[in-house]
Amino acid sequence: QVQLVESGGDLVQPGGSLRLSCQASGTRITNFAMGWYRQAPGHQRELVAAISLRGSTYYADSVEGRFTISRDNTLNTVSLQMDNLRPEDTAVYYCNQGIVITTTSPGDYWGQGTQVTVSS
């Protein structure tokens, strides 16, 4: 059974940093492109960042230059380093396995989400 477990969400002040992690089990992320999505209240879920099997990365315009996605196939984890956070980054962040980066379509498996709140 595939499980994705996110962690690292927290309350942080504007300009601060957080590092989110997604631990996968029941699967090997080596075989999949992985992505981070987020959903703010009253908004649709949106793709934030993705990383291909070979390590190529994609970022939404709103986070380009501030967020960095990475993967550790040995540890079976995907991380999202978030710097210079803004209030508009407040959302629940979800890990996804199997994203199709060219279409930004998500794969079948999601984590439960981790809350990121950016506020002074």
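As a starting point, this report considers the structure included with it. (Residues numbered from 1 in each chain as written. Predicted model: local features only at pLDDT ≥ 70, side-chain atom pairs only at ≥ 80, totals over all residues. Heavy atoms only, no water.)

Some remarks on the nonpolar core
At step 1: With 26 residues, the main nonpolar core has Trp36, Phe67, Ile69, Leu80, Met82 and Tyr93 as its most contacted residues.
At step 2: Elements with a minimum of two residues in this core: strand E3 (18–25), strand E4 (34–39), strand E5 (46–51), strand E7 (67–72), strand E8 (77–82), strand E9 (91–97) and strand E11 (114–118).
At step 3: Examining the composition of this core, we find that 4 residues originate from one element, E3, more than from any other.
At step 4: Setting aside its immediate chain neighbours within four residues, Met82 contacts Gly16, Ser17, Leu18, Leu20, Arg66, Phe67, Tyr93 and Val116.
At step 5: Residues Ala33, Leu47, Ala50 and Ile99 belong to the second largest nonpolar core, which totals 5 residues. (Core = buried A, V, L, I, M, F, W, Y, C linked by side-chain atoms within 4.5 Å. Buried < 20%, exposed > 50% of the residue type's maximum accessible area, 1.4 Å probe, protein only. Helix = DSSP H or I, 4+ residues; strand = E, 2+ residues; numbered from the N terminus. Contact = heavy atoms within 4.5 Å.)

Topic: the environment of Gly107
At step 1: Here Gly107 lies in the loop between E9 and strand E10 (109–110).
At step 2: Among the residues examined, Gly107 registers a relative accessible area of 11% and is labelled buried.
At step 3: Gly107 sits 72 residues away from Gly35 along the chain, and the two C-alpha atoms are 8.9 Å apart.

Worth remembering: the numbers are spatial, not functional.
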